[in-house]
Amino acid sequence: MDATIAATLGGAAGLVIGAVGVLAGRWSERSLTETRPEPEPPLARGVGDVLSVLRSIAVVVDTSDAVVKASAPALTYGLVRHGELVHHELRHLARQVRRDGVIRETELDLARGPSPEASVVMRVRVATLGLHHVLILAEDHTHARRVEEVRRDFVANVSHELKTPVGGISLLAEAVLDAKDDPEAVARFAARIRVEATRLGRLVQEIVDLSRLQVADTLHEPELVDIGTVLVEALDRVRVAAEAKDIDLGLATERGLKVFGDAELLTTAVANLLTNAVNYSDERTRVGIGARLVGDSVEIAVTDQGQGIPATEQERIFERFYRVDAARSRATGGTGLGLAIVKHVCANHGGEVSVWSQEGRGSTFTMSLPVAAPQAGDPDPAADQAPGVAAAARGESTA
């Protein structure tokens, strides 16, 4: 073959191969371009700023359920972790809304952390946000759910507690009618009616007091209250009952202790603690009450030498209508509301109440309230006794 012809053919073949290579490269590039997924469009400007000022927990997810934007509470409550929604319930809602575009609103019980015992009640609203995103708004309704449960329990308990004295009065009234020709029986039944009527009146009053305390989150027009005056007034309210059982009442308090609040409510709370101490103490024992300044708080301690409270019961004694010894409580005219009132009075004054108790050695209830003003002047001589009130009431040496 002539060399010129061979060179020409070789050149033509090279051009063909080159053209084919270029076309193949362009076709491959076009195929990759067509199969590569389009990136998710970014959120519209200003959406993040709006979400940051919302009171609700806010989460924005894209078409793959990946979190695009989340407010700080979403992380705090454990709804979002590592850029993903933690709870499958939320993912399911987001997919439903993405599919049909219908806004959904529901209430969910969501686990908070790895422990199944820790959960929150979330009111969730899910809606589309543009064409490619879904917005999840959530509000914590845990407290509201608990308040509603407490309200229902309260109504049920009140109904039950009211039935007892009302039913007793009804039966005793029938007995009086049946025994109208027996003066002694009429007198006996009438005395029982008086006891039940007194208990009913006390129960109604304590329900009213407790309801008023629960409605009022804060005190109205608090005034300066002298703790010494409160303790003396509370002691006067229980003195007759204590003398009937030959119980010695001891008082030791520092001078000039003052708090801001309601004098009548504080007196009622202290009197409730003293009443319980007297009712649950044996005859010829001692009940002590003292007040002292501890840091920025005024501590009021009421101590008795009674039977004590089992450790398993101590966490529940401040619940409404809860009684450690129901039979003895009813025998003494107790309503089961006294300690609940003490708890709410302390809370409304910015304080708290606690208990120390040991079976066979008695109990000490301590109200801790914010002090109103720094103490001035020399302390009262009785102040030296205040720290030892609890020990003295139990008959222990304070030396």
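Remember, predicted model here, so these are calculated numbers, not experimental data.

Caption draft 1: Quick look at the overall build of the chain. Assigned secondary structure in the chain consists of 11 helices and 14 strands. Every one of the 399 residues in the chain was classed for burial, and the buried ones make up 36%. Put simply, 63% of the contacts in the chain that link residues at least 6 apart link residues at least 24 apart. As displayed, the chain has an accessible area near 23,400 Å², and 55% of this comes from carbon and sulfur atoms.

Caption draft 2: Structural context of the nonpolar core. By size, the foremost hydrophobic cluster in this structure holds 39 residues, and its most contacted members are V270, L274, I300 and M367. Of all elements in the fold, only helix 7 (227–244), helix 8 (263–279), strand 11 (286–294), strand 12 (297–303), helix 10 (338–348) and strand 14 (362–370) reach the threshold of two or more residues within this core. Considering every element that reaches this core, the biggest residue donor is helix 8, with 9 residues. Sequence-distant contacts of I300, that is, excluding residues within four places in its chain, are made with I227, L231, V270, I289, G290, A291, F365, T366, M367 and L369. Counting 22 residues, the second-largest nonpolar core is a separate cluster that includes I57, V61, Y77 and V80.

Caption draft 3: Broad picture of the environment of G48. Tracing the backbone through its elements, the reader meets G48 in helix 2 (residues 47–53). Take G48: its relative accessible area is 22%, and that puts it in the partly exposed class. Taking the C-alpha atoms as reference points, G48 and K69, separated by 21 residues in sequence, lie 7.2 Å from one another.

Caption draft 4: Inspection of the packing of helix 7 against helix 8 at higher detail. In contact at an axis separation of 8 Å, helix 7 and helix 8 are set at 35° when each is read in the N-to-C sense. Note on packing geometry: the crossing formed by helix 7 with helix 8 is right-handed. Contacts between helix 7 and helix 8 involve V230, L231, E233, A234, L235, R237, V238, A241 and A242 on the former and, on the latter, A263, E264, L266, T267, T268, V270, A271, L274, T275 and V278. A breakdown of the residues in the contact of helix 7 with helix 8 according to their chemical character gives 13 nonpolar, 3 polar and 3 charged.

Caption draft 5: Representation of the environment of D62. Considering the arrangement of structural elements, one finds D62 in the loop between strand 1 (57–61) and strand 2 (67–70). Residue D62 is classed as buried on the basis of its relative accessible area of 10%. For the pair D62 and L129, spaced 67 residues apart in the sequence, the C-alpha separation amounts to 9.5 Å. Looking at D62, its side chain comes within polar contact range of the main-chain nitrogen of A66, at 3.0 Å.

Caption draft 6: Region of interest: the pairing of strand 10 (residues 258–261). Residues V259 and G261 of strand 10 are buried on one face, while the alternating residues K258 and F260, pointing to the opposite face, are not. With 4 bridges connecting them, strand 8 (residues 223–226) and strand 10 associate as antiparallel partners. Bridged to E223 within strand 10 is G261.

Caption draft 7: Here's a closer look at the sheet that holds strand 7 (residues 133–140). Read across the sheet, 5 strands follow the order 2-1-7-6-5 without closing on themselves; strand pairing throughout is antiparallel. Lying at the two open borders of the sheet, with one neighbouring strand each, are strand 2 and strand 5 (104–111). Strand-to-strand, the axes of this sheet are offset by a mean angle of 25°, without reference to chain direction. Docked against the sheet, helix 4 (residues 88–100) engages strand 1, strand 5, strand 6 (119–129) and strand 7, running at close to 160° with respect to strand 5.

Caption draft 8: Geometry of the confidence of the model for the chain. In the predicted model, the chain carries a mean pLDDT of 79, and 71% of its residues have values of at least 70. No element of the chain has a lower mean pLDDT than helix 11 (residues 389–393), which averages 42, and none a higher one than strand 12, which averages 96. Confidence drops under pLDDT 50 across residues 326–333; counting only partners more than four residues distant or on other chains, this segment forms 16 contacts. Per-residue pLDDT stays below 50 along residues 375–399; that stretch engages in 42 contacts with residues further than four places along the chain or on separate chains.

Caption draft 9: Quick peek at the packing of aromatic side chains. Scanning the entire structure with this criterion turns up 1 aromatic pair. Arranged with centres 6.2 Å apart and planes meeting at 80°, the rings of F318 and F365 form a pair that is edge-to-face. In this pair, F318 sits in the loop between strand 12 and helix 9 (326–331) while F365 sits in strand 14, placing the two residues 47 residues apart along the sequence. According to the relative accessible area criterion, F318 is buried, its value standing at 13%. On the basis of relative accessible area, F365 is assigned to the buried category, the value being 8%. Looking at R188, its charged tip hangs above the ring of F189, at a distance of 5.2 Å from the centre.

Caption draft 10: Layout of helix 4. Counted at 1.5 Å a residue, the expected span for helix 4 with its 13 residues is 18 Å, and the 19 Å between its end C-alpha atoms agrees. Of the positions making up helix 4, those classed as buried are L90, L93, A94, Q96 and V97. For helix 4, the angular spread of the buried residues around the axis is 160°, confining them to a single face. What points out from helix 4, more than 90 degrees from its buried face, is the exposed set H88 and R99. In the segment just after helix 4, G101 is the residue with positive phi, at about 75°.

Caption draft 11: Looking closely at the sheet that holds strand 11. Pairing is mixed in the open sheet, where 5 strands are placed in the order 9-11-12-14-13. For this open sheet the edge positions go to strand 9 (248–253) and strand 13 (352–358), each flanked by a neighbour on one side alone. Here the strands of the sheet are splayed against their neighbours by 15° on average, with no regard to which way each runs. In this structure, strand 12 lies alongside strand 14, joined through 7 bridges in antiparallel fashion. The partner of A301 across the bridge, within strand 14, is T366. Against the sheet, helix 8 touches strand 9, strand 11, strand 12 and strand 14, its axis set at about 170° to strand 14.

Thresholds, definitions, all that
- Residues numbered from 1 in each chain as written.
- Predicted model: local features only at pLDDT ≥ 70, side-chain atom pairs only at ≥ 80, totals over all residues.
- Heavy atoms only, no water.
- Helix = DSSP H or I, 4+ residues; strand = E, 2+ residues; numbered from the N terminus.
- Buried < 20%, exposed > 50% of the residue type's maximum accessible area, 1.4 Å probe, protein only.
- Contact = heavy atoms within 4.5 Å.
- Areas by Shrake-Rupley, 256 points an atom, 1.4 Å probe, with all protein chains shown as cover.
- Core = buried A, V, L, I, M, F, W, Y, C linked by side-chain atoms within 4.5 Å.
- Axes fitted to C-alpha atoms, helices over the stretch in contact; angles between N-to-C directions.
- Left-handed = near helix turned anticlockwise from the far one by under 90°.
- Nonpolar A, V, L, I, M, F, W, Y, C, P; charged D, E, K, R; others polar.
- Polar contact = N/O pair within 3.5 Å; in protein donor to acceptor, adjacent residues only side chain to side chain.
- Pairing = 2+ DSSP bridges.
- pLDDT = per-residue confidence, 0-100.
- Phe/Tyr/Trp six-rings, centres within 6.5 Å; stacked < 30°, edge-to-face > 60°.
- Lys NZ or Arg CZ within 6 Å of the ring centre and 35° of its normal.
- Expected span 1.5 Å × (residues − 1).
- Arc of directions from axis to C-beta.

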